[in-house]
Amino acid sequence: MRIGILTSGGDCPGLNAVLRGFCKYCFNKMGDVEILGFKEGYAGLMNRDYVQLTPADVEGILDFGGTILGTSRQPYKLMTVKEGDAPTKLQQMVENYKKLKLDVLVTLGGAGTHKTASLLSVEGCNVIGLPKTIDNDIYGTDVTFGFHTAVEIASDAIKRIRTTADSHRRVFFVEVMGNKVGWLTLYAGLSSGADVILIPEIPYDEEKLAKFIKDRMGASRSVVIAVAEGAMSKFEASMSKKERREYSAGFTGTAAERLCAAMSQKTGIQCRSTVLGHIQRGGDPCAYDKFISTEIGAFGAHLAEVGRFGVTVCVRGGRLGYNILTDIAGRTKRVPADGQLVLLCKDMGINFGD
Ligand code: F6P
């Protein structure tokens, strides 16, 4: 069997562990197998830029962050755009898939990667997706690899902020990644004892937030607020996407920086902001991510072996399974605003700014 494999989109801890798990299964169980590792994500498939992976290439990489194959962002919306007579990126990839006589293409990636994987699948390529992202927003899976390491990093950072906030009697806004969803902020905020958790799924009310801060500062030395990068006010949430884009173009700063300035003015209390940024994607995977990545990689190889294509691996209730690519592509798993987790948090007094 001739397999192509690539890592695409934003990196995360666990990519190497998945590659290792996948290759180990293939080399150990499948016998006659060739694995072509495309460099820099879909760009490698477009340019036929690849290395033939050997057992030695994946030896000892379980612990390492990043990806040995490199990655790049290839916006989905540009995949089918035509420039003159040149083939589209999608056509180029389908042609190379055929030229290289691939039996299957395995894509390690997030939401955007899955949309392109789905397109390739519709074009007749045999594709298997493996769910990567610190955002944990891929539809149909309980968890994505990389998510739990990012939770550990963000949670530790928020916990560290507490001691300095306490010392100075300050309000701190700690911005957490997550793109348009709040999973990472919710898990990191809850596990670090944040007083307030602001996520895109639950728009906040500035006046209520200011009142909460003032009341809480009357009773304790600090307020620590975990802010998702995509968090928005009720006012912003009432706008169309276009209106929101135009509205936010008028401001400088990230979600946490803007809130910090606004709350400092409204409350008169010393506020500070910290944007965690890419540190949340760097470094080695945590034990859980090494475990789940290895399992997902090996299961992906199993699906290739049995010829189950046009799917993406998922974890449901602790068991591995798969979803049909075309069913999940373009859908987002969001935090249910009235789900059990959020309601329990609210019952404990965690504020969501609503
Ligand atoms: O999808 C992962 C992610 O880290 C998001 O949380 C974040 O919005 C985005 O990628 C950042 O992308 P880039 O690395 O291209 O700046």
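Residues numbered from 1 in each chain as written. Predicted model: local features only at pLDDT ≥ 70, side-chain atom pairs only at ≥ 80, totals over all residues. Heavy atoms only, no water.

Engineer: When you look at the packing of aromatic side chains in this model, what are you seeing that I'm missing?
Structural biologist: Between two aromatic rings, the relevant description is the distance of the centres plus the angle of the planes. Throughout the structure, instances matching the rule amount to six aromatic pairs. Relative to tyrosine 247, the ring of phenylalanine 235 lies with its centre 5.4 Å away and its plane at 85°, an arrangement referred to as edge-to-face. With phenylalanine 235 in helix α9 (residues 234–237) and tyrosine 247 in helix α10 (residues 241–249), this pair connects stretches of sequence that are 12 residues apart. What links up through ring pairs into an aromatic cluster is the set Phe147, Trp183 and Tyr187. (Phe/Tyr/Trp six-rings, centres within 6.5 Å; stacked < 30°, edge-to-face > 60°. Helix = DSSP H or I, 4+ residues; strand = E, 2+ residues; numbered from the N terminus.)

Engineer: I tried to follow unusual backbone geometry on my own but got confused; where do I start?
Structural biologist: Negative phi is the rule for most residues except glycine; trans is the rule for most peptide bonds. Positive phi, normally seen in glycine, also occurs at glutamate 40, with a value near 60°. Mapped onto the secondary structure, glutamate 40 falls in the loop between β2 (34–38) and α2 (42–46). Since its relative accessible area comes to 37%, glutamate 40 is described here as partly exposed. Even without being glycine, lysine 101 reaches a positive phi, approximately 55°. Along the chain, lysine 101 falls in the loop between α4 (89–99) and β4 (104–109). (Buried < 20%, exposed > 50% of the residue type's maximum accessible area, 1.4 Å probe, protein only.)

Engineer: What is the right way to look at the pairing of β4 in this model?
Structural biologist: In terms of burial, β4 is a largely internal element, six of the six residues being buried. Residues of β4 alternate between two faces, with Val104, Val106 and Leu108 on one and Leu105, Thr107 and Gly109 on the opposite face, all of them buried. Sheet analysis places strand β1 (residues 2–7) next to β4, joined by five bridges and oriented parallel. Paired with threonine 7 across the strands is leucine 108, a residue of β4. Where β4 and strand β5 (residues 127–131) come together, five bridges link them in parallel fashion. (Pairing = 2+ DSSP bridges.)

Engineer: Sorry, what's going on with the domain arrangement of the chain here?
Structural biologist: The domain architecture assigned to the chain consists of domain 1 (2–145 + 285–328) and domain 2 (147–281). With centres defined by C-alpha atoms, the gap from domain 1 to domain 2 works out at 33 Å. Each partner contributes residues to the interface: domain 1 has 17 residues there, and domain 2 has 13 residues. When the two sides are added together, the surface that domain 1 and domain 2 hide from each other amounts to roughly 1,200 Å², 57% of it contributed by carbon and sulfur. Taken as a group, Ile134, Asp135 and Asn136 account for 46% of the area that domain 1 buries against domain 2, more than any other trio of residues on that side. One can count one salt bridge joining domain 1 with domain 2. A salt bridge links aspartate 11 to arginine 281, with the nearest nitrogen and oxygen atoms 3.0 Å apart. (Domains from an automatic or database assignment. Contact = heavy atoms within 4.5 Å. Buried area = accessible area lost by both parts, 1.4 Å probe. Salt bridge = Lys/Arg side-chain N within 4 Å of Asp/Glu carboxyl O.)

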